Structures are given as structure tokens and as C-alpha cells.
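Tertiary structure, described
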Amino acid sequence: MTVVRALTRHIPSTFTQALARTTPAQPIDVADARYEHLVYRQALVACGVEVTVIVADLACPDCVFVEDTAVIADGLALITRPGAPSRQPETPAIAEALATACEIVRMDAPATLDGGDVMRVGRVFYVGRSARTSEAGIAMLERTFAPRGYQVVPIVLPADVLHLKCVVSPLGGDTILLADASLSPALFGGLRIIRVPRDETYAANAVAIGEHVIVAQEFPRTQDAIAAAGFTLHPVPTIEVRKADGSLTCQSLLY
Ligand code: CIR
């Protein structure tokens, strides 16, 4: 059986300065955020994943959100150029950590792309064209992975959606979790869709490993829908990480 590995990164004490579209009513509690991250890593282990954690970088308040720094498939890691300039210094440590396991390709300026905008389902990459991910970034993704048999399908995101995977995430070979009233289901023709009620949109971001799904614990109706589809749930707390616009897929790179 193929071992799934996850690269994760510790939360720096500067996490209180992480990017956020709205300032939280309550400031971020870094100790609580670190506890949430620990529970998340334990959930990955419970799903059979081999987890690596690399050191935080104080100069990069958002460095826990490793998903945005690379897109990995078939042993190749495209190291991205994140769309927020403050996040671009996050990538060298990620490239170094992945170099023993993956062939490394780096995205060049001026292209930008956040991994949170990239959803892989089988041999298709759905890519959000967002405030973070540019046309040039999408073109670079295509240049990198099309020769390996991947199709790239761009999706223009509404301005209020940070990343594609804030509203849709993959649950395996042919299934996705999609927030109601976000993107048209017609964009994902041929896939089985598990619907997330509008008032639980945050829970549309879940991490699937085989039949296991790590899901935000504060959203019971979404959990019921995923369980009814036959998956095993691993609910984890997300209160603090959410204050920095973080969710679940963004805290790991699976390869
Ligand atoms: C940011 O704005 O870049 C971070 N505060 C949150 C990034 C979350 N990443 C993701 O959902 N892929």
C-alpha cells in the first residue's frame, strides 16, 4: 500500500499577525491555535498518514498554511509563488523539506498561485482564478502538469472567496464536498457532490485520506452528510485557525 505523507509546519508566536480579511472580535490565542494544530496532526496520524513537522518561521506569521506553497502530484512538487507578498518567503523551507521525496520545480515571477486554489480530483486540477492566483500562475501549473497527463480547469472565483477550496474540496476519486450557493454544481459535471448547507460553508473544506475525512468539528449537518456517504469522520477544532482565514486542507501538504 502507498504510504501517504504529510508535510506540516509549526505555528509561530507571530501567528497573531497572520493575514485575515476581517479582524477577529477576539484576538487569536496562539496556545489554543497550537493545540488545534496538534489535534489536526494527530487526526492525520489516525488516518494512517506519516506526518513531518518543520520549524516555524517567526518572520512568516502564516507559515502554518503550507498548502499554499506547493502543488504536488506524481512525485513532482511545483513550489508556488504565493499571491500575498508577505507569504512568498515561506517557500524555500518547503522546497528544502520536499526535496528528498520530490522533483522540485519553482514558479517564476510574475506568476502567482496559492495551493488553496488548486483542487485535484483524479487527473483533473480545478484551479481558482482568485485575488491570489493569476492567469500566469494557472498557465505555469498547466505547463508543469499537462505533460504528465493532467487536465487544468480554471474557475473564476467570486471576490468574497479567498481560495477555491474554501467552498469545495475533494473526498476521493469521484466525490466532492461543495458549499450550497457558492459555485455552480455544473462546473463539476460527472462528480458525486455532497452538499454543505450554506450556514456551514466553512465545513466544505475537509481533508480526505481514503475512507477517512478530517472535518471541522463545529458543523454537525456537514458531518452527518459525510458520514451518510460512508466515510469515517475525524472531527477537529478550528476556532483559532479560522480567525486567520485558515481551514483544514491548508495545514498540510499530502504526497
Ligand atoms: C492567508 O490569508 O493567506 C492566510 N491567513 C490563510 C491561508 C489559508 N489557506 C488556505 O485556505 N489554503
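The following paragraphs examine the structure supplied in this document. (Residues numbered from 1 in each chain as written. Predicted model: local features only at pLDDT ≥ 70, side-chain atom pairs only at ≥ 80, totals over all residues. Heavy atoms only, no water.)

1. Focus: the overall build of the chain
Spelled out, the test is: In DSSP terms, a helix is any run of H or I states spanning at least four residues, a strand is any run of E spanning at least two, and both are numbered starting from the N terminus. To get the radius of gyration, use the C-alpha atoms; to get the globule rule, take the number of residues to the power 0.38 and multiply by 2.2 Å. The buried label goes to any residue with under 20% of its type's maximum accessible area, the exposed label to any with over 50%, and the partly exposed label to all in between, with areas taken from a 1.4 Å probe on protein chains only. Should any heavy atoms of two residues lie within 4.5 Å, those residues are considered in contact. Surface accessibility follows the Shrake-Rupley procedure with a 1.4 Å probe radius. Residue values consider only the protein chains on display as shielding.
Tallying secondary structure elements over the chain gives 5 helices and 15 strands in all. Taking 2.2 N^0.38 as the reference for a compact globule, 255 residues should give roughly 18 Å; the C-alpha atoms of the chain span a radius of gyration of 17 Å, in line with that estimate. Projected onto its principal axes, the C-alpha positions of the chain cover 40 × 40 × 40 Å. Split into buried and exposed, the 255 residues of the chain put 53% on the buried side. Intrachain contacts of the chain at a sequence separation of at least 6 include 67% that bridge at least 24 residues. About 10900 Å² of surface is accessible on the chain, with carbon and sulfur atoms providing 54% of the total.

2. Focus: the side chain of T8
Residue placement: T8 occurs in strand β1 (residues 5-9). Setting aside chain neighbours within four positions, we find T8 in contact with H37, R41, L44, V51, T52, V53, I54, V66, Q251 and S252.

3. A closer look at the environment of L58
Looking at the secondary structure, you find L58 in the loop between β2 (50-54) and β3 (70-73). For L58, a relative accessible area of 54% gives the class exposed. For the pair L58 and P12, spaced 46 residues apart in sequence, the C-alpha to C-alpha distance is 5.4 Å. Not counting residues up to four positions away in its chain, the partners in contact with L58 are P12, S13 and T14.

4. Examining the site of the ligand
Rule in force here: Each residue is tested against the molecule or strand, and it is near if at least one of its non-hydrogen atoms lies within 4 Å. Any N or O atom pair separated by 3.5 Å or less is treated as a polar contact, with the protein-specific requirement of one donor-capable and one acceptor-capable atom, and with residues adjacent in sequence counted only for side-chain atom pairs. Just so you know the grouping, Ala, Val, Leu, Ile, Met, Phe, Trp, Tyr, Cys and Pro go in nonpolar, Asp, Glu, Lys and Arg go in charged, and all remaining residues, Gly too, go in polar.
Lining the immediate surroundings of the ligand are 13 residues, of which L19, D62, R87, R132 and A244 lie closest. A distance of 2.8 Å is found between an oxygen atom of the ligand and a side-chain nitrogen or oxygen belonging to R132. Its residues placed into classes, the shell around the ligand shows 4 nonpolar, 3 polar and 6 charged.

5. What to know about the nonpolar core
Counted only if it meets this: Throughout, nonpolar core names a set of buried Ala, Val, Leu, Ile, Met, Phe, Trp, Tyr and Cys residues whose side chains join them through atoms within 4.5 Å.
If you look at the biggest cluster of nonpolar residues, it comprises 27 residues, and the most contacted ones within it are F15, L44, F65, V207, I209, I214 and L248. Elements that contribute at least two residues to this core include exactly α1 (30-46), β12 (207-209) and β13 (212-216). Looking at this core, the element that brings in the most residues is α1, giving 6 residues. Once residues lying within four places of it in the same chain are set aside, the contact partners of F65 are F15, R87, E90, V241, A244, G246, C250 and Q251. V168, L171, I194 and A206 belong to the second largest nonpolar core, which has 26 residues in total.

By themselves, these are just geometric observations and shouldn't be taken as functional.
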